[in-house]
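This is what each chain is made of:
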Amino acid sequence: ELKVEQNPLFLSMQEGKNYTIYCNYSTTSDRLYWYRQDPGKSLESLFVLLSNGAVKQEGRLMASLDTKARLSTLHITAAVHDLSATYFCAAGNTGNQFYFGTGTSLTVIP
Amino acid sequence: EAQVTQNPRYLITVTGKKLTVTCSQNMNHEYMSWYRQDPGLGLRQIYYSMNVEVTDKGDVPEGYKVSRKEKRNFPLILESPSPNQTSLYFCASSLSGPVLGPQHFGDGTRLSIL
């Protein structure tokens, strides 16, 4: 069974600061996904990382994947209040299941 | 508009009373899945389906049933709901499983079993 661990679980940061969310997974995964969930809302896809060394960027968010270390990171640059949300990573495998991390609740303080 | 539609959005019911949560997608996706979201546990997969008449158990299938008679619909059935099934449920679909792309999620169904 593939296990996905995220840390930190909670993150409070000031506007303008940088920070990284980490996502470790236990066994080989073919794909790594990042999602965002606003309070009371559904999940929205942010990034799909397909191979070792993959890097994707959208605005102040950048995601990367190191398959050898079984690690993905979501880096936040110069945080703004609008980025406050819960972020999930999820791994998929050829067994056709998705496995989600527990989520990181990010609060950006003005 | 491409979307995954769940109904109902909210439901309060009592132990043992059978209920069905419907899920429909209009994107012609092959893969559909149900998750439950509980505080501190993230999302856990209940059942998934790779195509019509093909369903498989996820990590937490106990107490749930699903069916996939048509490509667009994937209902979740609780034959005899219990309080430990109180949760937020999401239906999701994707083109063809984890390997080929991200999932699109419905708006969620909040179930309370008294």
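What counts, and at which threshold
- Residues numbered from 1 in each chain as written.
- Chains lettered and ligands numbered in written order.
- Predicted model: local features only at pLDDT ≥ 70, side-chain atom pairs only at ≥ 80, totals over all residues.
- Heavy atoms only, no water.
- Helix = DSSP H or I, 4+ residues; strand = E, 2+ residues; numbered from the N terminus.
- Rg over C-alpha atoms; globule rule 2.2 N^0.38 Å.
- Buried < 20%, exposed > 50% of the residue type's maximum accessible area, 1.4 Å probe, protein only.
- Contact = heavy atoms within 4.5 Å.
- Areas by Shrake-Rupley, 256 points an atom, 1.4 Å probe, with all protein chains shown as cover.
- Polar contact = N/O pair within 3.5 Å; in protein donor to acceptor, adjacent residues only side chain to side chain.
- Buried area = accessible area lost by both parts, 1.4 Å probe.
- Salt bridge = Lys/Arg side-chain N within 4 Å of Asp/Glu carboxyl O.
- Nonpolar A, V, L, I, M, F, W, Y, C, P; charged D, E, K, R; others polar.
- Pairing = 2+ DSSP bridges.
- Axes fitted to C-alpha atoms, helices over the stretch in contact; angles between N-to-C directions.

Visitor: Please set out the overall build of chain B residue by residue, giving values where relevant.
Guide: Summing up its helical and strand segments, chain B has 0 helices and 11 strands in all. Beginning at the N terminus, the succession of helices and strands in chain B can be written as β-β-β-β-β-β-β-β-β-β-β. Relative to a compact globule of 114 residues, whose C-alpha radius of gyration would be 13 Å, chain B shows 13 Å and is just as compact. Expressed along its principal axes, the backbone C-alpha trace of chain B runs to roughly 40 × 30 × 25 Å. Burial status across chain B gives 50% buried among its 114 residues. For chain B, contacts bridging at least 24 residues in sequence account for 54% of all contacts bridging at least 6. On chain B, roughly 5,300 Å² of surface is accessible, and the fraction owed to carbon and sulfur atoms is 51%.

Visitor: Tell me about the side chain of B:Thr109, and please be specific about residues and values.
Guide: Residue and element names in this part refer to chain B. Positionally, Thr 109 belongs in strand E11 (residues 109-113). Of note is the side chain of Thr 109, whose polar atom sits 3.0 Å from the side chain of Gln 6. Other than its neighbours up to four places away in sequence, Thr 109 contacts Gln 6, Pro 8, Arg 9, Val 21, Ser 87, Leu 88 and Tyr 89.

Visitor: So what's going on with the interface of chain A and chain B? Residues and values would help.
Guide: Counting residues at the interface gives 23 residues for chain A and 24 residues for chain B. Taking both partners together, chain A and chain B bury about 1,800 Å²; carbon and sulfur atoms supply 55% of that area. The tally of links between chain A and chain B comes to 0 salt bridges. Where chain A packs against chain B, one counts 5 residue pairs in polar contact (both at pLDDT 80 or more). Of all the secondary structure elements, the ones that give two or more residues to the side of chain A that touches chain B are strand E4 (31-37), strand E5 (43-49), strand E9 (85-92) and strand E10 (98-100) of chain A. Per-element tally for the side of chain A that touches chain B: the top contributor is E4(A), with 4 residues. For the side of chain A that touches chain B, the residue count by class is 8 nonpolar, 11 polar and 4 charged.

Visitor: Talk me through the sheet that holds strand E1 (residues 4-7) of chain A; I want residue IDs and the actual numbers.
Guide: Residues and elements named next belong to chain A. Strand order in the open sheet formed by 5 strands is E1-E3-E8-E7-E6, with antiparallel pairing between adjacent strands. On the outer flanks of this sheet lie E1 and strand E6 (55-58), each paired with one strand and no other. Between one strand axis and the next, the sheet turns by 15 degrees as a mean value, whatever way the strands run. The pairing of strand E7 (residues 61-66) with strand E8 (residues 71-76) spans 6 bridges and is antiparallel. Following the sheet pairing, Ala 63 is matched in E8 by Leu 74.

Visitor: Give me the lowdown on unusual backbone geometry, citing residues and values where you can.
Guide: Here the bond from A:Asn7 into A:Pro8 is cis, since omega is 0 degrees, no more than 30 degrees from zero. Checked against the element boundaries, A:Pro8 lands in the loop between E1 and strand E2 (10-14). The residue after B:Asn7, namely B:Pro8, is reached through a cis peptide bond having omega -5 degrees. Positionally, B:Pro8 belongs in the loop between strand E1 (4-7) and strand E2 (10-13). In the Ramachandran plot, B:Asn28 falls in the positive-phi region, its phi being about 60 degrees despite a non-glycine side chain. Inspection of the secondary structure assignment puts B:Asn28 in the loop between strand E3 (19-25) and strand E4 (31-38).

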